[in-house]
Structures are given as C-alpha cells and as structure tokens.
Amino acid sequence: MKKTLIIAEAGVNHNGDINKAKKLIEVAAQCGADFVKFQTFKAELCVSKKAKKAKYQLETTEKKESQFEMIKKLELDEKAHKSLIKHAQKCNIAFLSTPFDLESIDLLHSLGLKLFKIPSGEITNLPYLEKIAKLKKKIILSTGMANLAEIEAALNVLYENGMKTKDITLLHCTTQYPAPINEVNLKALHTLKAAFKLQIGYSDHTQGINIALAAVAMGARVIEKHFTLDKTLQGPDHRASLEPYELKALCEGIRELELAFGNGIKKASKSEKKNIFIARKSLVARKDIQKGEYFTPQNLTTKRAGKGISPMRYKEFLGKKANKNYKEDEPLSE
C-alpha cells in the first residue's frame, strides 16, 4: 500500500520567531512526519485592515488587535524561508508552505517547491487557483467550508489551466479551531472519493489524534495536523494543535495502521497457521467404541486438537460402522 503522507502543520505557531520555527522543523522530523508545513503571506495582500478576527482567534490572541495586526506579526520573509528550507534539509524532512496571496505563490515557486497546498479559504479564489494551476505542480486542495458544487468549480479551474487528476489530492476538512467532533463528518471522505475520483486526505483540526487515525482507517492517504511546541502559547492556532509527544504518537499510529491494512486477501496468516491445529476441532470418540459399532450422536463428538478428520464431515460418519476399536477422545481415522 502507498504510504500515508503525514504533513506536520507548523503554520504560524512560530509566533514570528525564526528560532521557534527551526525548533518546530526539528520536532516534526523527530516525530516522523514527511513534511513540515508553514504559511507564506504578506498581510497587506491577503487581509483587509478592517477584517475581523474569528471567535477562536479572539480567545487566543490580543483582543485589541485586528486580524491584520495579528498576522502581520507572523510573516516570514524570503530570507526566513530560505533559512527554514535549508534547516529542513539538514533535518531530513521536506519543507512545505501554504501561500495566501499571489506574490507568495511566486516566492514559493522561485524557492523550488514542487508541491503546493491550497488552503480552504482560497477554494473560491479564481485568480489564485489559475496562478497555481499554471505552475503544473502537484496540488493538495483543502475543502473546508465548501460544498460539492464549489469543489467542482475549483477543480474545473485547475483542469482548465492544465492540471491532471493524478497530481491533485483533495483534503476533507472542518474549518474551525478546534473542530467540534460532531461536525467532523468523516463519511465525507467517501463522498469526495466517489464524486471526484481523486486521491483523498484529511486536514484535522480536532483536539487529539483519534479522528486523524480514524480518517486513515477510512482511506485518507494524506493527513495534515497542526502542532506546536506548547499549547499554552499565545497565538491563533496553538490551542487546536498537537504537542510534540502527541505528534509522535500520531505518526507512529499511522504507520502501525498501515501495517495492519495488509493486502486484503482473506486467508490464514503466517502466525495463524501454527494455531490451526490447536484452535480447531476433529471428530473424536465421545466414549469407547467397539469395531463394527455404528457411529451415532451418542458416541461421536468434536474436540480439540484439529489434526484429525474435520467436523465438517460429521454427518458423513453418522450411521457408518467403526473400522476399529476407539478409546474415549481418540480421533477418528479414515
């Protein structure tokens, strides 16, 4: 089976501190993630100065500042990106970042990124979708807040601008931080797969790791999950993020699930084969039976071990004569 792609979403949990960002890269690598992902944006290009914060952002950031002021502090410039990419290479983990404006798309393209992650908020942004599609990169598209018609419209833009189905992955997502468990709707993974015939994944904003693991069990081949150095830090996403020990448990859990999936062929496994004779039963004498005596339900039964005649042949022997003397519990022979 193809390995599940694990994206450890550092996002803006570096709080504008390049050293924290590098530490997040180290943690993601140590925990076993395939990618560490950040966010690339210029506040002036993607947020109006009058834009309000989401409720969850008001609860975890300074209440007096605007959304613009909040994210302005979290920008990473080109120099920082180059430093983080170099550090990721040193840590043997792939670097990924989500662009939130057209100039940021150009920046990431110039830095050599081969995979682009489109966030849920940009799924209705026509100029943005066109620009990314024309780069002919692999794309991961999050579908939080979107219905099937909106997803189809976004995909049509990508296809019309040269994208191939093999290069697109759809992520189911609930855009709330943290996401309520009763609004996760994991069955939508199957809906997306059936509707669009693309590889599917899941961007998880719930607390803990159980829902992400369930998504893998339901067929998600990409898992994206926010993580932080400390959930108590101030910032918009820390509270809905995993701490390092949780990220490690998630990565280990996904790899364990992959081993458990197997190949789908139903037969005795290697370890089971040695237990067949122990767990199954054979036809045996319920009590002493004399040669020439007829086999009946009163003198024939089934007991472990299973090295003799299969109990599936029980009725075949009823009414036949014993060809030898049998002691109690002795397996029948042909």
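Scroll up to find the structure this text is about.
The residue numbers shown here count from 1 along each chain, following its written sequence. Under the rules for a predicted model, residues below a pLDDT of 70 receive no local features and side-chain atom pairs below 80 are neither given nor counted, while totals for whole chains, interfaces and linings still include all residues. The side-chain figures draw on all heavy atoms in the structure; neither hydrogens nor water molecules are used.

1. Looking at the pairing of strand S4 (residues 115-118)
Throughout, exposure labels follow a simple rule: accessible area from a 1.4 Å probe, protein chains only, divided by the maximum for the residue type, with under 20% read as buried, over 50% as exposed, and the rest as partly exposed. In DSSP terms, a helix is any run of H or I states spanning at least four residues, a strand is any run of E spanning at least two, and both are numbered starting from the N terminus. Burial of the side chains of S4 extends over both faces: Leu-115 and Lys-117 are buried on one face and Phe-116 and Ile-118 on the other. The path from the first strand over the helix to the second decides the hand: if it runs clockwise while the strands point away from the viewer, the crossover is right-handed. Handedness of the crossover is the feature at issue here: the chain leaves S4, passes through helix H7 (residues 126-133), returns alongside strand S5 (residues 138-142), and the resulting connection is right-handed.

2. Side note on the layout of surface pockets
Where empty space is left becomes clear once a probe the size of a water molecule has been rolled over the atoms. Cavity means a closed set of points on a 1 Å grid over the protein atoms alone, one where a 1.4 Å probe fits but cannot get out, pocket means an open set with protein on both sides within 12 Å along at least 5 of 7 lines, and lining means a residue has an atom within 4 Å of a point. Grid points are joined across faces, edges and corners, and a volume is the space filled by probe spheres set on the points. There is about 830 Å³ of room inside the largest pocket. Along the wall of the largest pocket there are 36 residues; nearest its centre are Gln-39, Tyr-56, Gln-57, Phe-100 and Tyr-177. Taken together, the elements giving at least two residues each to the lining of the largest pocket come down to strand S2 (35-40), helix H2 (43-46), helix H3 (55-60), helix H4 (67-72) and strand S8 (222-226). The greatest single-element share of the lining of the largest pocket, amounting to 3 residues, is contributed by H4. For this classification, Asp, Glu, Lys and Arg are treated as charged, while Ala, Val, Leu, Ile, Met, Phe, Trp, Tyr, Cys and Pro are nonpolar and the rest, including Gly, are polar. Residues belonging to the lining of the largest pocket are distributed by class as follows: 16 nonpolar, 12 polar and 8 charged.

3. Describing the sheet that holds strand S6 (residues 168-173)
Reading across from one edge, S3-S2-S1-S8-S7-S6-S5-S4 is the order of the 8 strands in this open sheet, with parallel pairing throughout. Whereas interior strands pair on both sides, the edge strands pair on one side only; in this sheet they are strand S3 (94-99) and S4. This sheet shows a mean twist of 25 degrees between the axes of neighbouring strands, independent of strand direction. Inspection of the sheet shows S6 paired to strand S7 (residues 199-204) by 5 bridges, in the parallel sense. Counted as the bridge partner of Leu-170 is Ile-200 from S7. Throughout, a contact is declared for two residues whenever any of their heavy atoms are within 4.5 Å. Each axis is a line fitted through C-alpha atoms, and for a helix only the stretch in contact is used; angles between axes span 0 to 180 degrees, taken between their N-to-C directions. In this fold helix H6 (residues 102-110) packs onto S2, S3 and S4, with an angle of close to 165 degrees to the strand it touches most, S3. Any two strands between which DSSP finds at least two bridges are classified as paired.

4. Describing empty space enclosed by the protein
Under the criterion given, the structure shown has 1 cavity of 30 Å³ or more. What lines the largest cavity is Tyr-56, Thr-60, Tyr-177, Pro-178, Pro-236, Asp-237, Arg-239 and Ala-240. A class-by-class count of the residues in the lining of the largest cavity yields 5 nonpolar, 1 polar and 2 charged.

5. A closer look at unusual backbone geometry
Pro-178 follows Tyr-177 through a cis peptide bond whose omega is -10 degrees. Position of Pro-178 among the secondary structure elements: in the loop between S6 and helix H9 (188-196). A cis geometry characterises the amide bond from Arg-304 onward to Ala-305, with omega recorded as 10 degrees. Its location among the elements puts Ala-305 in the loop between strand S10 (300-303) and helix H14 (314-317). Within the chain, Met-145 stands out as a residue other than glycine whose phi angle is a positive 75 degrees.

6. Some remarks on the packing of aromatic side chains
Stacked, edge-to-face and tilted labels apply to pairs of Phe, Tyr and Trp rings (six-membered ring for Trp) whose centres lie within 6.5 Å, assigned for plane angles under 30 degrees, over 60, and everything in between, in that order. Per the stated rule, a full pass over the model turns up 4 aromatic pairs. Taken together, a centroid distance of 5.7 Å and an interplanar angle of 20 degrees make the contact between Phe-38 and Phe-95 stacked. Here the residue Phe-38 occupies a position in strand S2, and Phe-95 occupies one in strand S3, the gap between them amounting to 57 residues. Exposure class is identical for Phe-38 and Phe-95. Each is buried. Where Phe-41 meets Phe-100, the ring centres are 6.3 Å apart and the plane angle is 85 degrees; that geometry is what we call edge-to-face. One end of the pair, Phe-41, is in the loop between S2 and H2; the other, Phe-100, is in the loop between S3 and H6, and 59 residues separate them in sequence. Overall, the relative accessible area of 5% leaves Phe-41 in the buried class. Each residue in the set Phe-295, Phe-317 and Tyr-326 is aromatic and connected to the rest through ring pairs, giving one cluster. Distance and angle both matter: a charge sits over a ring if NZ of Lys or CZ of Arg is within 6 Å of the ring centre and within 35 degrees of the ring normal. Here the guanidinium or amino end of Lys-49 rests over the ring plane of Phe-68, the centre of that ring lying 5.4 Å away.

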